[in-house]
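# Observations on chain architecture
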Amino acid sequence: MLDCLKVPRYVLRRGLEAIGPPITSHPDFAVVTAIYSFSDKSFYDEFVRESELGLTPYPLVKGFLHHQNELIDDGLTLLVLDATSPRQSDLKAATVQSVLSAFEQQHEHIDATHQLVRDVNLDTYRVQACVADADLSRIP
């Protein structure tokens, strides 16, 4: 089942680096990365209250999305949508390409294409497709 969320407007950075949750390797992709993103300040504020890191929001712009999209070869890059804690048990995410398309088409909402489930023992997240019977290798 898809979750419809607001299109993100900010990514989370520590210094100059965009950051996200640690991801468990996935058999369909050489590299899987995720970047925290937020649709508005309230989600960011809640996330920062739960974090000990020095974090700053960075406006999400098409140039950043194009750059991230170009980095994808045999990997998967996701934007985590409106996380409220760095230790949240489940996260919703969308591919960089789907967020870029939403930007270009000036949509206000986006469907989450993936769910990230936290493995407490490893302190990482496992990626799952949100779409029933989805083949992760076919999702852009």
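## Some details on the packing of aromatic side chains
Taken as a whole and assessed by the stated rule, the structure comprises three aromatic pairs. Aromatic side chains tyrosine 36 and phenylalanine 47 sit 4.6 Å apart centroid to centroid with 55° between the ring planes, which places their arrangement in the tilted category. One end of the pair, tyrosine 36, is in strand β4 (residues 32–38); the other, phenylalanine 47, is in helix α1 (residues 41–49), with eleven residues separating them in the sequence. Measuring from centroid to centroid gives 6.0 Å for phenylalanine 38 and tyrosine 44, while their planes differ by 80°, and the two rings are edge-to-face. When its relative accessible area of 1% is taken as the criterion, phenylalanine 38 is described as buried. Taken together, the ring pairs in this structure connect Tyr36, Phe38, Tyr44 and Phe47 into an aromatic cluster. Geometry around phenylalanine 103 places arginine 9 over its ring, the cationic atom sitting 5.0 Å from the centre.

## With respect to the nonpolar core
One recurring pattern in soluble globular proteins: nonpolar side chains tend to sit buried together. Counting 20 residues, the largest nonpolar core has Leu12, Tyr36 and Leu116 as its most contacted members. For leucine 12, the contacting residues outside a window of four places in its chain are Glu17, Ala18, Ile19, Tyr36, Phe38, Tyr44, Phe47, Leu55 and Thr56. Leu60, Val96, Leu100 and Ala112 belong to the second largest nonpolar core, which has 16 residues in total.

## A few points about the pattern of salt bridges
Per the counting criterion, the structure on display carries three salt bridges. Among the ionic pairs, aspartate 40 bridges to lysine 6, the shortest N-O distance being 3.9 Å. On the criterion of sequence distance, the pair formed by aspartate 40 in the loop between β4 and α1 and lysine 6 in strand β1 (residues 4–6) is long-range, its members being 34 residues apart. Under the relative-accessibility criterion, lysine 6 is labelled partly exposed at 45%. For the salt bridge of lysine 41 with aspartate 45, the shortest nitrogen-to-oxygen distance reads 2.8 Å. In this pair, lysine 41 and aspartate 45 are both assigned in helix α1, four residues apart and thus about one turn of the helix distant.

The rules we used
- Residues numbered from 1 in each chain as written.
- Predicted model: local features only at pLDDT ≥ 70, side-chain atom pairs only at ≥ 80, totals over all residues.
- Heavy atoms only, no water.
- Phe/Tyr/Trp six-rings, centres within 6.5 Å; stacked < 30°, edge-to-face > 60°.
- Helix = DSSP H or I, 4+ residues; strand = E, 2+ residues; numbered from the N terminus.
- Buried < 20%, exposed > 50% of the residue type's maximum accessible area, 1.4 Å probe, protein only.
- Lys NZ or Arg CZ within 6 Å of the ring centre and 35° of its normal.
- Core = buried A, V, L, I, M, F, W, Y, C linked by side-chain atoms within 4.5 Å.
- Contact = heavy atoms within 4.5 Å.
- Salt bridge = Lys/Arg side-chain N within 4 Å of Asp/Glu carboxyl O.

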